[in-house]
Amino acid sequence: MRIIIIGFGVIGRGLAKVLYKKREFLRKNYGDFNVVAIADRSGAIIGEDIDLKRAIEVKEKSGKIINYPGIEKSSLEVIKDVDADVVVEVTPSNLDTGEPARTHIIESFKHGKHVVTANKGPLALYFKELMETAKRYNKIFKFEASVGGAMPIINLAKETLAGNKIISIRGILNGTTNYILTKMEEGLDFETVLKEAKELGIAETNPYQDISGLDTAAKIVILANAIMGLNKTIKDVKVRGIEKITPEALFLANKRGYTIKLIGEIVNGYLIVEPKLIPINSPLNVKGTLNVAMFETDLAKEVVVVGRGAGAEETASAILSDLISIKKMIENES
Ligand SMILES: NC(=O)C1=CN([C@@H]2O[C@H](COP(=O)(O)OP(=O)(O)OC[C@H]3O[C@@H](n4cnc5c(N)ncnc54)[C@H](OP(=O)(O)O)[C@@H]3O)[C@@H](O)[C@H]2O)C=CC1
Ligand SMILES: N[C@@H](CC=O)C(=O)O
Ligand code: NA
């Protein structure tokens, strides 16, 4: 499989590290996964035998992939010109415009590439358009990493819960805010923990998206559209974040047998994100960067999934599973 990586930040490099580290395991079990181009805002490297280890080192040391050395080529030129099977789109989620990812994804389909993304922006703003474009160009579009990181949720609903009517979903879908609330519950202050979250690489490029609840809002829009057949955008979500939650509030909640969690929920067609009091013994009371989702379904009844919602390797796990799934689909077709 020939792969183009657009975006070489925490997640792009995380995927490159996993493809490098597990290359023998992957070759033995699934065949070859060859990265033939990597692009960031400085330019791109293109080649049949890119040294992923060196590409990661150059990026981490200098911040620019062009120092590999690479060439001054835009992401769009890479998408159009490079022969590849799939584009992995992992640029920042822009929840106002969905760009540059929306254009990257559409141009990938138009130029014969399947797409795997972790980017919530275009999915939360232009879901219907992207799905229709993928269909028009007969391309596969997978985005498991966009909701809950490593936590299986989209593919779980589409495959293992296939045939079920998903009546409601509620859960914790943002690892950064859950990490912050967990550490504040241990007495640490907000600013200290937000700094830690950024250093862990779990926060958004613009962490306001995490704190404000907008990242969670984007994710419940993706779930509503992708697995509940609704047609929503982020503008349909009632959103409140954790800006006003203090260690004192958490302490008082704990004294009464509760904790406070940022909950996203889809129920009766309504999409809501807000901090909620959760009983200490609830399945929703998960810690750190963990995410949790509680499905209510007609046949399987209640289903709860838990997993790490953020992080380089964790998110790369979801991207890799989508890549493997596409590889199997295109090999079965040939
Ligand atoms: N971090 C996490 O745990 C998770 C993140 N995600 C999503 O994954 C995506 C990437 O996140 P993350 O890696 O953390 O973000 P980073 O900010 O670490 O990396 C973003 C990368 O995109 C590059 N980029 C920006 N604009 C362009 C462009 N026009 N063309 C090519 N490259 C571009 C940046 O380039 P440059 O380096 O030159 O600035 C950078 O390399 C986001 O959409 C995020 O929401 C999803 C799940 C988990
Ligand atoms: N910033 C996000 C990353 C994954 O989507 C989070 O903290 O969950
Ligand atoms: Na996921």
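Residues numbered from 1 in each chain as written. Chains lettered and ligands numbered in written order. Predicted model: local features only at pLDDT ≥ 70, side-chain atom pairs only at ≥ 80, totals over all residues. Heavy atoms only, no water.

As recorded in an unreviewed UniProt entry, the protein goes by Homoserine dehydrogenase and comes from Methanocaldococcus villosus KIN24-T80. The Sequence similarities (unreviewed entry) comment attached to the protein in UniProt states, word for word, "Belongs to the homoserine dehydrogenase family." (UniProt positions renumbered as here; feature names shortened; annotations may be inferred.)

J.: Would you explain the sheet that holds strand E12 (residues 302-308) in this entry?
T.: Strand pairing within a sheet occurs via backbone hydrogen bonds; the two strands may be parallel or antiparallel. On the basis of which strands lie adjacent, the open sheet formed by six strands has the order E8-E10-E9-E7-E11-E12 and mixed pairing. Single-partner strands in this sheet number two, and they are strand E8 (237-239) and E12. Each strand of the sheet is rotated relative to its neighbour by a mean of 25°, with strand direction disregarded. One ladder, built from four bridges, connects strand E7 (residues 166-172) with strand E9 (residues 258-267); its direction is antiparallel. Opposite Gly171, over in E9, you have Gly264 as the bridge partner. Strands in contact with helix H9 (residues 175-185) are E7, E9 and strand E11 (290-297); relative to E9, the strand with the most contacts, it is inclined by about 160°. (Pairing = 2+ DSSP bridges. Helix = DSSP H or I, 4+ residues; strand = E, 2+ residues; numbered from the N terminus. Axes fitted to C-alpha atoms, helices over the stretch in contact; angles between N-to-C directions. Contact = heavy atoms within 4.5 Å.)

J.: It is not clear to me how the UniProt feature "binding site: L-homoserine" (unreviewed entry) in the protein should be interpreted in this structure. Could you clarify?
T.: In the UniProt entry, the feature "binding site: L-homoserine" (unreviewed entry) is given for Glu204. The contact partners of Glu204, leaving out residues within four places of it in the chain, are Ser93, Lys120, Gln209, Asp210 and Asp215.

J.: Any chance you could explain the site of ligand 1 here in plain terms?
T.: Around ligand 1, a shell composed of 28 residues is seen, among which Lys59, Ser75, Thr91, Glu204 and Gly311 lie nearest. Here an oxygen atom of ligand 1 sits 2.8 Å away from a polar atom, N or O, in the main chain of Ile11. Gly201 places a polar main-chain atom, nitrogen or oxygen, 3.0 Å from a nitrogen atom of ligand 1. Within the complex, the protein chains bury 86% of what would otherwise be the 900 Å² of accessible surface of ligand 1. Mapped onto the shell around ligand 1, the elements with two or more residues apiece are helix H1 (10-21) and strand E2 (34-40). Considering only residue class, the shell around ligand 1 consists of 12 nonpolar, 11 polar and five charged. Formed jointly, the shell around ligand 1 draws a minimum of three residues from each of two domains, domain 1 (2-148 + 313-333) and domain 2 (153-309). (Near = heavy atom within 4 Å. Polar contact = N/O pair within 3.5 Å; in protein donor to acceptor, adjacent residues only side chain to side chain. Areas by Shrake-Rupley, 256 points an atom, 1.4 Å probe, with all protein chains shown as cover. Nonpolar A, V, L, I, M, F, W, Y, C, P; charged D, E, K, R; others polar. Domains from an automatic or database assignment.)

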